[in-house]
Amino acid sequence: WLSPMLIDRYGFSLVATGKVALVVSVISLFVPSIFGRFDPGPVKRRRRIIIGATVMASIFCALAFVHHPLATVALILLMGLASGYSVLQYADVRSSYPKETTGRALSVYTMAMFLGVALMQWGSGKVAAWAEHHQAETYEYVMLFVAAMLMLGCLAFRFLPKSPLLAQ
């Protein structure tokens, strides 16, 4: 969505869009290790995950309504910085299962994450097609869809039963 949005909304060239994507990629390489250093431990980690996802949803909402190229790029860079919270989800999975099943649990989590990405791509494509058909601003609806899905994920995560291992 990054490249098409910057090209369609603001007339960025592929080179300019590529530079934004490169900076976000570099940021995304280092930010998880920073979040990992500030892992509060199993008791407070789930709260931080929910806060991180809520921040990401808020950024997507802002992207829906902000129509200024520099502000949009700033929000995209902020998104790269905020995305580091996702490393806490791996720590949550790891601490939620006995040591002998941790590898399998992390594998299942990773595959579920890829399934989520695929479903998000499919769903956002459906939303984009709907918006285009109704002559609505495509990226506004797509960004709001992504924000809504993140918030639904937060709700599901919030009410999922906690691992008995975390209660010990």
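Residues numbered from 1 in each chain as written. Predicted model: local features only at pLDDT ≥ 70, side-chain atom pairs only at ≥ 80, totals over all residues. Heavy atoms only, no water.

## A few points about the packing of aromatic side chains
For the structure shown, the criterion picks out four aromatic pairs. Relative to F60, the ring of W1 lies with its centre 5.7 Å away and its plane at 65 degrees, an arrangement referred to as edge-to-face. One end of the pair, W1, is in the segment before α1 (2-10); the other, F60, is in helix α3 (residues 42-65), with 59 residues separating them in the sequence. The buried category is assigned to F60, whose relative accessible area is 7%. (Phe/Tyr/Trp six-rings, centres within 6.5 Å; stacked < 30°, edge-to-face > 60°. Helix = DSSP H or I, 4+ residues; strand = E, 2+ residues; numbered from the N terminus. Buried < 20%, exposed > 50% of the residue type's maximum accessible area, 1.4 Å probe, protein only.)

## A look at unusual backbone geometry
Positive phi, close to 55 degrees, is recorded for Q135, a residue that is not glycine. The exposure class assigned to Q135 is exposed, which follows from its relative accessible area of 75%.

## Observations concerning a nonpolar patch on the surface
On the surface, a cluster of nonpolar side chains totalling about 430 Å² of accessible area is made up of L22, V26, L29 and F30. As for its position among the elements, L29 is in helix α2 (residues 14-37). (Patch = residues over 30% accessible without salt bridge, like charges linked within 9 Å, V, L, I, M, F, W, Y side chains within 5 Å. Areas by Shrake-Rupley, 256 points an atom, 1.4 Å probe, with all protein chains shown as cover. Salt bridge = Lys/Arg side-chain N within 4 Å of Asp/Glu carboxyl O.)

## Things to note about the packing of α1 against helix α7 (residues 138-159)
Packing of α1 against α7 leaves a shortest axis separation of 10 Å and a crossing angle of 150 degrees. Of the two elements, α1 crosses α7, and the hand of that crossing is left-handed. Of the residues in α7, those in contact with P4, M5, D8 and R9 of α1 are Y139, E140 and M143. Considered class by class, the residues forming the contact of α1 with α7 number four nonpolar, no polar and three charged. (Axes fitted to C-alpha atoms, helices over the stretch in contact; angles between N-to-C directions. Left-handed = near helix turned anticlockwise from the far one by under 90°. Contact = heavy atoms within 4.5 Å. Nonpolar A, V, L, I, M, F, W, Y, C, P; charged D, E, K, R; others polar.)

## Topic: α1
The complete set of buried residues in α1 reads L2, M5, L6, R9 and Y10. Projected down its long axis, α1 shows its buried positions confined to an angular sector of 95 degrees, all on one face. Among the structural elements, α2, α3, α4 (69-82) and α7 are those in contact with the buried residues of α1. One or two positions beyond α1, positive phi appears at G11, with a value near 75 degrees. (Arc of directions from axis to C-beta.)

## Some remarks on the nonpolar core
With 32 residues, the main nonpolar core has L6, V20, I59, L63, I76 and M143 as its most contacted residues. Put simply, the parts of the chain that give this core at least two residues each are α1, α2, α3, α4, α6 (102-133) and α7. Apart from the residues lying within four places of it in its own chain, the contact partners of L63 are W1, M5, R9, T72, L75, I76, M79 and M143. (Core = buried A, V, L, I, M, F, W, Y, C linked by side-chain atoms within 4.5 Å.)

## Digging into the side chain of T17
Along the chain, T17 turns up in helix α2. For T17, a relative accessible area of 0% puts it in the buried group. The residues contacting T17, other than those within four sequence positions of it, are L2, S3, L6, I7 and F12.

## A word on the side chain of T72
Assignment of secondary structure puts T72 in helix α4. Beyond its immediate chain neighbours, meaning those up to four positions away, T72 contacts M5, L6, Y10, L63 and V66.

Distances and angles like these do not, on their own, reveal function.
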